[in-house]
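As a plain string of letters, each chain reads:
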Amino acid sequence: MSKSAFLFPGQGAQYVGMGRDFYEQSGEFRHAIDAADRFCGNGLKEAMFNGPEDKLQQTDYAQPAIFAMSYGALQVLNKKHPGLKPDFVAGLSLGEYSALAASGALSFEDTLRLLQKRAAFMQEAAQLKKGAMAAVIGIEVAVIKNICGVCRAEVANFNAPDQTVITGEASAVNAACLKLTEAGAKRVIPLSVSGAFHSSLMKPAADKFVTALEQAPLKNAAVPIVGNVDARPCVTAQEVREELARQIVSSVQWVKTIEFLVSRGVDRFIEIGPGKILKGLVRRINKDLDVENLEKMSDLK
């Protein structure tokens, strides 16, 4: 029997104008965006639809914008195709919070509240020590791990077999980038980020976030969330709390996440939210998989 998974994108997927046609044509979507706009109180909707781009790239705009669009698009999908229910949900880094809300484990507003705290704690941690991140393309993971070990850098994301993101102190990441280029990487691309996310430098943020998670009214998930840290399903509120706390300082195991879903019989993937980043990554992990996108009204067909 065919199984499906809903996938949700992470930070970096945002773009000016995202969700505009949904907003104009769907009351469900409009409700989600207006609620997020009121909650954030910083002109979120204006930044989403009209920019400027540099504002939308800021963490305190990008994260709630991506989450609100993903959640709103899910409501549109639920209304149009009420019988289409996922067997699993998963999200890339920030996208795990969209998956959290989609699973029924936390309400839309409580997820936004948790995201705001996460972003604030991560920004505070980023200011304690200068960090950096870089995408590494076209070199074996074993070589990346070895060079990171030598340079004291860390791996942030295993995105696809040929795409890995490294993280850590700026000096360590810079040294690793040089060695990876010398070792034959096709491309090494420094990322425009404010800190070393998914690294041990985020431990102060993770420590503070534990308290926020304990206070969050999490419920057991109605749909299993395949977590970034271990690429295993989280269902109980306690499993979800542990996953979200560890995720801040751990590598995102996206390749293993997709491999796990395939091993459980998932053969249909729907990426819900801005962009087509996950569609591209899933295809690079397994070119035979059926992957669809939902980022505009015409995709509902």
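Rules and cut-offs
- Numbers given to residues run from 1 along each chain, matching the order in which its sequence is written.
- In view of the model being predicted, local features appear only for residues whose pLDDT reaches at least 70, and side-chain atom pairs are presented and counted only at 80 or more, with totals across whole chains, interfaces and linings using the full set of residues.
- Note: side-chain values were computed over all heavy atoms of the structure, leaving out hydrogens and water.
- Buried means the residue's accessible area, taken with a 1.4 Å probe over protein chains only, is under 20% of the maximum for its type, while exposed means over 50%, and partly exposed covers the values in between.
- Per the convention used, a helix needs a DSSP run of H or I reaching at least four residues, while a strand needs a run of E reaching at least two, with both numbered from the N terminus.
- When DSSP finds two or more bridges between two strands, those strands count as paired.
- Each patch groups residues whose relative accessible area exceeds 30% and which form no salt bridge, using 9 Å between like charges and 5 Å between nonpolar side chains of Val, Leu, Ile, Met, Phe, Trp and Tyr.
- Here the Shrake-Rupley method, with its probe set to 1.4 Å, supplies the accessible areas, and only the displayed protein chains count as covering residues.
- Basic side-chain nitrogens of Lys or Arg form a salt bridge, by our definition, when they fall within 4 Å of a carboxyl oxygen of Asp or Glu.
- Charged residues are defined narrowly, with Lys and Arg counted positive, Asp and Glu counted negative, and His plus the chain ends left uncounted.
- The atoms used to mark charge sites are NZ of Lys, CZ of Arg, CG of Asp and CD of Glu.
- Polar contacts here mean pairs of N or O atoms no more than 3.5 Å apart (in protein, one a potential hydrogen donor and the other a potential acceptor; neighbouring residues in sequence count only if both atoms are side-chain atoms).
- Whether two residues touch is decided by their heavy atoms; if any such pair falls within 4.5 Å, the residues are in contact.

Asks: An account of the pairing of strand S3 (residues 131-137) is requested, with residue identities and associated values reported.
Replies: Strand residues, when the strand is regular, have side chains that alternate between the two faces of the sheet. With seven of seven residues buried, S3 is to be regarded as a mostly interior element. Neither face of S3 is exposed, since Gly131, Met133, Ala135 and Ile137 on one face and Ala132, Ala134 and Val136 on the opposite face are all buried. In the sheet, S3 pairs with strand S5 (residues 163-169) via seven bridges, with the strands oriented antiparallel. Of the residues in S5, the one forming a bridge with Ala135 is Val165. In this sheet, strand S6 (residues 187-190) lies alongside S3 in antiparallel orientation, the contact comprising four bridges. Paired with Ala134 across the two strands is Pro190, which belongs to S6.

Asks: Describe a positive patch on the surface, and please don't skip the residues or the numbers.
Replies: On the surface, Lys3, Lys145, Arg232, Lys256 and Arg264 cluster together to form a positively charged patch. Relative to the helices and strands, Arg264 resides in the loop between helix H12 (254-263) and strand S9 (266-272).

Asks: How would you sum up the side chain of Glu271? Please name residues and give values.
Replies: Mapped onto the elements, Glu271 comes out in strand S9. Among buried charged residues, Glu271 stands out as having no salt bridge; its nearest opposite-charge side chain is Lys279, 7.4 Å away. Separated by 3.2 Å, the side chain of Glu271 and the backbone nitrogen of Leu278 make a polar contact. Once you skip the residues sitting within four places of it in the chain, Glu271 turns out to touch Leu7, Pro9, Lys276, Ile277, Leu278, Lys279, Glu292, Asn293 and Leu294.

Asks: Now, about unusual backbone geometry: what can you tell me, with residues and values included?
Replies: A cis amide bond links Gly51 to the next residue, Pro52, at an omega of 5°. Of note, Pro52 is situated in the loop between helix H3 (44-50) and helix H4 (53-56). Its identity is not glycine, yet Arg152 carries a phi of approximately 65°, on the positive side. Among the secondary structure elements, Arg152 is positioned in the loop between helix H8 (141-151) and strand S4 (154-160). Within the chain, Ala231 stands out as a residue other than glycine whose phi angle is a positive 55°. For Ala231, the position within the fold is in the loop between strand S7 (225-226) and strand S8 (233-234).

Keep in mind these values describe shape, not function.
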